[in-house]
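Structural overview for review
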Amino acid sequence: MPSVVFRLYAQLNDHQPPDRRQTPQTVDVPEGERVGDALRGLEVEPAEVGLVLVNGEPAALDRALREGDRVAAYPPFTVLGELPPS
């Protein structure tokens, strides 16, 4: 089984045990597991995810995971307030 490191940000940690929040988690995933399925295994619904980076590069939820991958998952980004005039 490939070992993959996951890092969840902001409210994506809400369903994690307290000792696993805001910290990298090494997870063994089945061969060929997709990012979205692995996130479900971590109690994160793919619909709650706004951005996924795998090894620092944007990735789709259907990307197959490989040994040593590092996955960062972020909730959707929002803009607060007004943007300054350009």
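Refer to the structure above for everything that follows.
Everything quoted here is computed from the prediction, not taken from an experiment.

Parameters and conventions
- Residues numbered from 1 in each chain as written.
- Predicted model: local features only at pLDDT ≥ 70, side-chain atom pairs only at ≥ 80, totals over all residues.
- Heavy atoms only, no water.
- Helix = DSSP H or I, 4+ residues; strand = E, 2+ residues; numbered from the N terminus.
- Buried < 20%, exposed > 50% of the residue type's maximum accessible area, 1.4 Å probe, protein only.
- Contact = heavy atoms within 4.5 Å.
- Areas by Shrake-Rupley, 256 points an atom, 1.4 Å probe, with all protein chains shown as cover.
- Polar contact = N/O pair within 3.5 Å; in protein donor to acceptor, adjacent residues only side chain to side chain.

1. Considerations on the overall build of the protein chain
Helix and strand counts for the protein chain come out as one helix and five strands. Reading the protein chain from its N terminus to its C terminus gives the helix and strand order β-β-α-β-β-β. Counting across all 86 residues of the protein chain, residues that qualify as buried make up 36%. Across the protein chain, contacts joining residues at least 24 apart in sequence account for 58% of those joining residues at least 6 apart. Accessible area for the protein chain stands at about 5,600 Å²; split by element, carbon and sulfur atoms hold 52% of it.

2. Here we look at the side chain of Q16
Tracing the sequence through the fold places Q16 in the loop between β1 (3-8) and β2 (25-28). Here Q25 takes part through its side chain, which lies 3.2 Å from a polar atom of the side chain of Q16. Here Q16 is in contact with L8, R21, Q25, L42, E43 and V44, once residues within four sequence places are set aside.

3. A word on unusual backbone geometry
Positive phi, close to 50°, is recorded for A10, a residue that is not glycine. Mapped onto the secondary structure, A10 falls in the loop between β1 and β2. Even without glycine at this site, Q22 takes up a positive phi of about 55°. Checked against the element boundaries, Q22 lands in the loop between β1 and β2.

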